[in-house]
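Chain by chain, the residues:
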Amino acid sequence: MKVALFVPCLMDRFLPDAGMAAARLLESAGVQVVVDSRLTCCGQPAVNAGHPDLARKMALRMLKLAEHELPVVVPSGSCVAMMRDSYGLMDLSGQDAERWRSLRGRVFELAEFLVERGLTNRVTARCEARVVVHHSCHHLRHVAGSGALAVLLERLEGASLLESEQARQCCGFGGVFSSKLPELSIAMGRARLDAMLKLEPRYIALADAGCVLQLSGILEGEGLSKRAQVVHYAQLFTGDGLKPLDAGE
Amino acid sequence: MADLRDIVREKLADNALQAALARALGIVRGKRTAAVSELASFEDAKAVAAAVRSNAVQRLKDYLPQLEARLADEGTHVLWARDAAEACRMIVDIARQRSVRRCVMSKSMVAEEIGLEAALKNAGTVVVQSDLGERVVQLAHQKPSHITAPCLHLSAAEVGRILHEKSGIELSSDPEKLSRAVARTLRPVFLDAQMAVSGVNFAVAETGNLVLVENEGNGRMGYTMAPVHVAVTGIEKVVGTLADAAALLAVLPRSATGQRATCYVSILPPRPFPGQERFLVLVDNGRSAAFGAGPMRDVLRCIRCGACMNACPVYERVGGHVYGWTYPGPIGIVLAPFLGPQEVRAEISDLCSLCGACTEVCPVGIPLDRLIVLARGLSHSCRPAAVVKRERSALEWFGRAMGGRVSYRLSHLGHKLARAWFPKKLARTEAELGWSGVRTAPGPAAVLFRSRFKRRAAAEDGTADEGSGGEV
Amino acid sequence: MTADRGRQRRTGEAREEILGRLETAYRAAGEGGGPAGRIAYALEPGRDPEMLLAVARERFESQEIGYHILPGFQSLVDSVANHLYSRQARLVALQPCGLFDRLDLRHGLARRLPDLRFVDAGSGLTDVARADVGITACEAVIAQTGTIVLSATKREELGVSLLGGVHFCIATVDQLTADLDSWLAGRPGWAPDEATVLISGPSRTADIEKTVVIGVHGPWKLSLFLVKE
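Everything numeric here is computed off the predicted structure, so don't read it as measured data.

> Outline a nonpolar patch on the surface, listing residues and values.
A contiguous nonpolar patch, built from B:Val406, B:Leu410, B:Leu413, B:Leu417, B:Trp421 and B:Phe422 and spanning about 650 Å² of accessible area, is present on the exposed surface. When you line up the elements, B:Leu410 lands in helix H21 (residues 405-421).

Shown next, in the form of structure tokens:
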């Protein structure tokens, strides 16, 4: 089985380890991975800021470049939601609408893909650590629910998986929101982190690059990086970029 | 209007507010979860309630005249108002013609929306709010901060102080003592008021019944005691049949206060009670504009339960006053483009991280987070042109940077170089974007994922174009 | 009444304008929506009297509704009189209704409690408001939500269940119905002058710090006397 892995802009530029982890997780499930380096951004920032017209060009480019038969796998729920649903705001017609219809049917979030194709039983990995799982909003509410991630995480041996009582509440990233009202965004993130740190995790695992940047940025800014490392869940399986238990900073 | 970011900062630093919000929302979220779990399936119930409301909204043009005819045939006066001023004028006229000195008002969001209390006061009528929370904010000269819990932003101690200073009630911070004391002060007001103003939760087109939902009994007191009853409501509050209203009653209290049913649901007949006059004022005030606004039409499904604001992580941090008008929270953001005052329309949609918690709990299936994105689009015309231009240029720049393989790599390289050569300038930009200090901005990867992936593939099988790792 | 006529003209214009806008937008969007269906509950008592009573009791308890299940009407009058006595009720308002006439409730209570006074039938609201206890019958009792269904055509009758500090309601077990839907479905029709009030507990508020306080503007005590006959 062959898939086109789309590692979106934020992950590509700021969290390449997470991208590598996504690729290697797919490969460990026996999936052949190809990467089209012409694909950059799905256009989400402009749409979420209320300027769908400015995202249109990016959407059209995405649709054209993804005009093939392969499943497109994305380790980011918000980008999947964008391509599946929000492209509907672009008044697509003719060939573009056709392309969107095709892409909608074969774009998957990473965990969602592995679960839907029944590939999780091929995955075996160990991670001897306390891991707090926090649900990324789009992954949870618009894409895969919490089910797919839970099924995948069952394959992770040795980990104690925990959830804080705020596990389903927004980390405060929200794209442009994080810049427009930074104090609010940070206050939301701080509250989630406080709840998570009480559980004394080694790793805090999320499903979207934006959420990882938000929470790791606050941990670092508050001088708490030694307490835990914020990662994309794929990293738990492959070890890419994981800091060893006692390394701290 | 002060800068939204400043107002937000102020609320974040207000420890009393933070404590009040945390406590109240913690309780109400827990109760909602328990109450909803008594339904066979919330998703199924939501589908039923959503269908009831979307059918009703879709058929407004038929239901409204049907309702009007049922009521008018039985002697209830039906008045139509295009906007807030017109609605207020009509109700002030009613009060004037009947020499109403004192009017009791039970909780009505539409009355709040149209500024009815001020209008009646200006015309010389004493207005007394009779819902406990509304009475507290009225005495404090504040505005409600929540649509079902008006003084949710206040601690019991603050409420006690307000009641002591403004109403002479013995100083206390015991909610029970305070609530009973306020009720005692209102009893003579009910007995003496010449007019009662209420809202309407559902108006039933087929039978002409007006359905009023409440817990305290103040709504019942109003329409039972006063010789004139004015019910004021938005034109969207119509449903087809009593069975439709029953379906909504199964989800409204569970979503609002986490009750199976509120203490009182009054189903008023189309014929006024003997010895009483009844008016129904149907207020448009932007609703027909929402009706004509494509997917935004769904905002008219709202049954004002407040579940969206209870679930909202932004509301949880800043409370309702930050939204700047009658309807706070997610529903306030999507109503603002049609019903909101001009100055609110510009920035209110910024108060959302698009997490979708509101959509999850909305009992009538309004896709709130998706509509908030559309509301942001509608907000541009209300913001200063220069601000919009700046935002668009930034996004255009971003679009160009992302627009091709070369520009993408160049912009990444630029980021790396800026970090090495102009760290102070970069830090300033990051600070402007809110990524500095307690939230560190991420540094650009030394090597992009895509490059690493390609290199690995090349190292593994000597080609970058075929097999695992090749391009599409 | 020129002012009245002016108002009518204005609302006439407003009416046409509002409906016009709806019509235009409606034509652009077209008809939509299908049948709504019924809302189902995790626990459906159906029609089994034992189940209905079991569910209703559970609801009453969690909603602070006192209830007394009585074997017959004879014990009913005794029970009501005892409760009035223990509450030291002096003035009682009775809802005028056929059931109370048949039971001769007023005389039954007066015989047992010679000091008890009654608000006269036909009295005004201010008299009803002076009563310590209001006693009503009801149309139905809804198990799913622990709800008493009352109806009345006059404000004075509605006042009986509202204005006193205590509300006693009398029902028979065969008035139990599963939910609001089943009650609506069983109703023959709707009188245009009849108000219905669904009561699911004594009046309450949680406006201050979300702390539940029982007894605000309406009664602080609601008791249901449920007769198995």
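Having seen the structure, we can now continue with the description.
> Can you tell me about helix H16 (residues 329-339) of chain B, naming the residues and giving the values?
Across the 11 residues that make up H16(B), a large majority, 11, are buried. Within H16(B), the full set of buried residues consists of B:Gly329, B:Pro330, B:Ile331, B:Gly332, B:Ile333, B:Val334, B:Leu335, B:Ala336, B:Pro337, B:Phe338 and B:Leu339.

> Give me the lowdown on empty space enclosed by the protein, citing residues and values where you can.
Space left empty within the atom packing is revealed by a probe, the size of a water molecule, rolled over the atoms. As enumerated under the stated definition, the model contains 10 cavities of 30 Å³ or more in all. Size it by volume and the largest cavity reaches roughly 200 Å³. Around the largest cavity, the lining is made up of 21 residues, and of these B:Leu249, B:Ala250, B:Ala261, C:Thr145 and C:Leu180 lie nearest the centre. Those elements that provide at least two residues to the lining of the largest cavity are helix H12 (242-256) of chain B together with helix H8 (180-186) of chain C. The element contributing the most residues to the lining of the largest cavity is H12(B), with 6 residues. Among the residues forming the lining of the largest cavity, the class breakdown is 12 nonpolar, 5 polar and 4 charged. If you trace the second largest cavity, you find 13 residues lining it, with B:Cys302, B:Cys305, B:Cys308, B:Cys362 and B:Pro363 closest to the centre.

> If you had to explain the pattern of salt bridges to someone new, which residues and values would you point to?
Scanning the model with the defined rule gives 62 salt bridges over all chains in all. Between B:Asp62 and B:Arg59 there is a salt bridge; the shortest N-O distance is 4.0 Å. Here C:Glu44 and C:Arg38 are joined by a salt bridge, their closest N and O atoms 3.2 Å apart. In this structure C:Arg38 comes out as partly exposed when scored by relative accessible area, which is 43%. One salt-bridge network, held together by shared partners, links B:Arg82, B:Glu86, B:Asp284, C:Glu13, C:Glu17 and C:Arg21.

> Provide a residue-level description of the pairing of strand S12 (residues 221-227) of chain C, including the pertinent values.
Residue and element names in this part refer to chain C. Within S12, 6 of the 7 residues are buried, which leaves it mostly tucked inside the rest of the structure. As defined by bridge partners, strand S1 (residues 66-70) adjoins S12 across 5 bridges and the pair is classed as parallel. Looking at the pairing, Ile69 lines up with Leu226 of S12. Bridge count for strand S7 (residues 166-172) against S12 is 7 bridges, and the pairing is parallel. Bridged to Cys169 within S12 is Leu224.

> Break down unusual backbone geometry for me, citing the residues and quoting the values.
The phi torsion of most residues other than glycine is negative, and most of the peptide bonds are trans. With a phi angle near 50 degrees, A:Glu200 is a residue other than glycine that sits in the positive phi range. You can see A:Glu200 is positioned in the loop between helix H11 (182-197) and strand S9 (203-206). You can call A:Glu200 exposed: its relative accessible area is 60%. With phi around 50 degrees, B:Asn285 is a residue other than glycine that occupies positive phi space. Relative to the helices and strands, B:Asn285 resides in the loop between strand S10 (277-283) and helix H13 (287-291).

> Please set out helix H8 (residues 132-139) of chain B residue by residue, giving values where relevant.
Across the 8 residues that make up H8(B), a large majority, 8, are buried. Of all the residues in H8(B), the buried ones are B:Leu132, B:Gly133, B:Glu134, B:Arg135, B:Val136, B:Val137, B:Gln138 and B:Leu139. For H8(B), the elements touching its buried residues are helix H6 (109-114), helix H7 (116-122), strand S3 (126-129), helix H9 (156-167) and helix H10 (175-192) of chain B together with strand S10 (204-205) of chain C. Two to three positions downstream of the cap, the backbone nitrogen of B:Gly133 sits 3.1 Å from a side-chain oxygen, assigning the N-cap of H8(B) to B:Asp131.

> Give a description of the interface of chain B and chain C that names residues and reports values.
Chain B puts 98 residues into the contact, and the matching count from chain C is 79 residues. Carbon and sulfur atoms make up 61% of the area that chain B and chain C hide from each other, which totals about 7500 Å². Among the residues of chain B in contact with chain C, B:Lys61, B:Arg82 and B:Arg260 are the three that bury the most area, contributing 10% of the side total. Here chain B is connected to chain C by 9 salt bridges. Between C:Arg59 and B:Glu38 there is a salt bridge; the shortest N-O distance is 3.7 Å. Counting across the chain B and chain C interface gives 35 residue pairs in polar contact (both at pLDDT 80 or more). With 10 residues, the top contributor of residues to the side of chain B that touches chain C is H10(B).

> How would you summarise the side chain of C:Thr145 if you had to cite specific residues and measurements?
Structurally, C:Thr145 is set in the loop between strand S5 (140-142) and strand S6 (147-152). Every residue in contact with C:Thr145, bar those within four places of it in the chain, is listed here: B:Arg254, B:Arg260, B:Ala261, C:Arg59, C:Gln63 and C:Ser200.

> An account of the sheet that holds strand S10 (residues 229-232) of chain A is needed here, citing residue identities and associated values.
Residue and element names in this part refer to chain A. With respect to topology, 4 strands assemble into an open sheet ordered S8-S6-S9-S10, the strand pairing being parallel. The open sheet has two edge strands, strand S8 (160-162) and S10, and neither has a second partner. For this sheet, the mean angle separating the axes of adjacent strands, direction not counted, is 30 degrees. Pairing of strand S6 (residues 130-133) with S8, which is carried by 3 bridges, proceeds in the parallel orientation.

About the cut-offs
- Counting restarts for each chain, with residues numbered from 1 along the sequence as it is written.
- Chains and ligands are labelled by the order in which they are written, letters from A for the one and numbers from 1 for the other.
- Thresholds applied to this predicted model are a pLDDT of at least 70 for local features of residues and 80 or more for the giving and counting of side-chain atom pairs; totals over whole chains, interfaces and linings are not thresholded and use all residues.
- Processing note: side-chain calculations cover all non-hydrogen atoms of the structure and skip hydrogens and water entirely.
- Patches here: salt-bridge-free residues with over 30% relative accessible area, like charges joined within 9 Å, nonpolar side chains (Val, Leu, Ile, Met, Phe, Trp, Tyr) joined within 5 Å.
- Only the protein chains shown count as covering a residue, and every accessible area follows the Shrake-Rupley method with a 1.4 Å probe.
- What counts as a salt bridge is simple: a side-chain nitrogen of Lys or Arg found within 4 Å of a carboxyl oxygen of Asp or Glu.
- Only DSSP runs of H or I covering at least 4 residues are called helices, and only runs of E covering at least 2 are called strands; the numbering of each starts at the N terminus.
- Exposure classes here rest on a 1.4 Å probe applied to the protein chains alone. A residue is buried below 20% of its type maximum, exposed above 50%, and partly exposed in between.
- Two kinds of site are reported from a 1 Å grid over the protein atoms alone, namely cavities, where a 1.4 Å probe fits but cannot get out, and pockets, open sets with protein on both sides within 12 Å along at least five of seven lines, and residues are called lining when an atom falls within 4 Å of a point.
- Grid points are joined across faces, edges and corners, and a volume is the space filled by probe spheres set on the points.
- For this classification, the nonpolar set comprises Ala, Val, Leu, Ile, Met, Phe, Trp, Tyr, Cys and Pro, the charged set comprises Asp, Glu, Lys and Arg, and every other residue, Gly included, is treated as polar.
- Should DSSP find at least two bridges between two strands, the strands are regarded as paired.
- The contact rule is simple, with two residues in contact once any of their heavy atoms fall within 4.5 Å.
- Definition of a polar contact: a pair of N or O atoms within 3.5 Å, with one able to donate and the other able to accept a hydrogen when the atoms are protein atoms, and with sequence-neighbouring residues admitted only if both atoms are side-chain atoms.
- Values labelled buried area give the accessible surface lost by two parts on being combined, using a 1.4 Å probe and summing over both.
- Axis geometry follows a simple rule: fit a line to the C-alpha atoms, using only the stretch in contact for helices, then measure angles between N-to-C directions, giving values from 0 to 180 degrees.

Geometry only, nothing functional implied.
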